[in-house]
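Structure at a glance
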Amino acid sequence: MATKVIKGGTIITADRTYDADVLIDGEKIVKIGTNLSGDQTIDAKGCYIMPGGIDPHTHLQMPFMGTYSSDDFDTGTAAALAGGTTMVIDFVLPGPEGNLLEALQEWFQKSGKSRTDYSFHMAITGWSERAFNEMPEVVNRGINSFKHFMAYKGALMVNDDEMFASFQRCAELGATAFVHAENGDVVAQLQQKLLAEGNNGPEAHAFSRPPEIEGEATNRAIMIADQAGVPLYVVHTSCEQAHEAIRRARQKGMRVFGEPLIQHLTLDESEYFNQDWDYAARRVMSPPFRDKLNQDSLWAGLSAGSLQCVATDHCAFTSEQKRTGIDDFTKIPNGTGGLEERLPVLWTKGVVTGRLTPNEFVAVTSTNIAKILNMYPQKGAVLEGSDADLIIWDPKAKKTISAKTQHSSIDYNVFEGMELTGLPRTVLSRGKVAFDQGKVLAEPGDGRFIEREPNAGINKALSTWKEVVAPRKVERKPEHMPYGV
Ligand code: URP
Ligand code: ZN
Ligand code: ZN
Ligand code: ZN
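Predicted model, so just to flag it, every value in this text is computed and none were measured.

As a matter of local geometry, ligand 1 sits amid His57, His59, Phe64, Tyr152, His180, His236, Met285, Ser286, Asp313, Cys315, Asn334 and Gly335. Side-chain polar atom of His59 to an oxygen atom of ligand 1: 3.1 Å apart, as the coordinates give it. When ligand 1 sits alone it has 270 Å² of accessible area, and the protein chains cover 100% of it. Here the shell around ligand 1 is composed, by residue class, of four nonpolar, seven polar and one charged.

Glancing now at the UniProt feature "domain: Amidohydrolase-related" (unreviewed entry) in the protein. In the numbering used here, UniProt assigns the "domain: Amidohydrolase-related" (unreviewed entry) feature to residues 48-433. Note that residues 48-433 is 38% helix and 18% strand, and that its end C-alpha atoms are spaced 16 Å apart.

Once that is clear, we can look at the coordination of the zinc ion (ligand 2). Six octahedral donors around a metal ideally sit at 90 or 180 degrees from one another, while four tetrahedral donors ideally sit at 109.5 degrees. Taken together, His180 (ND1) and His236 (NE2) make up the full set of protein donors to the zinc ion (ligand 2), lying 2.1 Å away. If you look at the zinc ion (ligand 2) and the zinc ion (ligand 4), they sit 3.7 Å from each other. Residue His180 is found in strand β14 (residues 176-180), and its partner His236 is found in the loop between β15 (232-234) and α8 (240-251); the two are separated by 56 residues along the sequence. His236 shares its class with His180; the two are buried.

Averaged over all residues, the pLDDT of the protein equals 95, while 95% of them reach at least 70. In the predicted complex, the global pTM is 0.95; the interface-specific ipTM is 0.92.

UniProt's feature table lists "modified residue: N6-carboxylysine" (unreviewed entry) at Lys147, given in the numbering used throughout. For Lys147, the contacting residues outside a window of four places in its chain are His57, His59, Phe91, Met122, Ala123, Ile124, Phe178, Val179, His180 and Val235.

Conventions used here
- Residues numbered from 1 in each chain as written.
- Chains lettered and ligands numbered in written order.
- Predicted model: local features only at pLDDT ≥ 70, side-chain atom pairs only at ≥ 80, totals over all residues.
- Heavy atoms only, no water.
- Near = heavy atom within 4 Å.
- Polar contact = N/O pair within 3.5 Å; in protein donor to acceptor, adjacent residues only side chain to side chain.
- Areas by Shrake-Rupley, 256 points an atom, 1.4 Å probe, with all protein chains shown as cover.
- Nonpolar A, V, L, I, M, F, W, Y, C, P; charged D, E, K, R; others polar.
- UniProt positions renumbered as here; feature names shortened; annotations may be inferred.
- Helix = DSSP H or I, 4+ residues; strand = E, 2+ residues; numbered from the N terminus.
- Donors = N, O, S within 2.8 Å, 3.2 Å for Na, K, Ca; no water.
- Buried < 20%, exposed > 50% of the residue type's maximum accessible area, 1.4 Å probe, protein only.
- pLDDT = per-residue confidence, 0-100.
- Contact = heavy atoms within 4.5 Å.

Next comes the structure, spelled out in structure tokens:
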């Protein structure tokens, strides 16, 4: 196999910044050092070399709210590569009857045209013996995360009893539980109340999902996860109330992770008050964009380490699809795009402003995600032996975001007009140049499914864990012994 060497750049990882060359043989990084040579040389002078971005949260060609999200594994992963992301993790949606393996087969078919590597999370949208029985095989196939929607009542939502049952099964299997944390019962009632009062526009979407609803559900999911003894990953954490719950749980020693989206970090609720219906509806997603104080909380969480990953929740709908809800905001398909913009926007609004260090940037866009999802150091690292998923990042490059030049299939961009400083110049995916100087070179089908191992030894209730760590002699009456020890 011909070798490549990336020369003259500065390597940035989650914990180090240093000048070195990177030698790639086939799909792997084989050596990092000085004065290396290979069959082909890629010049990285003036650039940073970072691990490829991993997006832990996408919905490509997903059936949702009466339609399918517009970007599929072809256009979605082209957008990903153009923005420096070399791997996406998409959500498989079985029905409430628990046909997990059937649904997985369907997602494998859709992902056949992925240009980047990919993995899946399996959703649990109802609790059944079938789901219970099929979960181990899902884990055997390299998927160690199960997603639960606490919102979308009447569609994807699960109740607390279903969630607790599934969380306990996740704990047995060494899987991590994921939640979309919003109180779906209260959202459904607020939606009806707002409609009855004549509030049918996109701004009512935000009123129907206040931060309290997310904070409550996040707290509830954390409590249920602790009782089940399962690590918990909270997707699209958008407000201080949810962040506070996660922070407090982590402080107690619980394994709880939080994931702000690039949209929530940089776009605020004023977007919904735009007089142009289309403009506002295009930004309808759940949870909705928040105010500046909530945004500050998310930025603080990323630098403090109480929030670990930045995702997109890429779920793109065209303006025409959004217009399904022209008379009723509850029918506007929920979701926004961001796969191409996540890294450049985070760099511009985070690193250039000094809110994040370049190392923190790498941690929250790649390394932390690979670690939490059990892919490190195959992914998320610039190390000898790691997959050669690399970005050559030009910190001086500039661009203005425009739907006219994007790779996503939709007709607008929620970041339209934003000026970027810092862009990927070249992106390598398992050693192949997948994007270079504005052009996506990877083909549909170049991506590979990446298997993820179950968790090792961390699926235990905190209360049980404490007794193992610090055994003590306490006289207790049998009725006060919840674990029967
Ligand atoms: O509005 C959103 N976030 N749409 C995608 C589905 C989900 O809830 O993640
Ligand atoms: Zn969600
Ligand atoms: Zn507000
Ligand atoms: Zn989502």
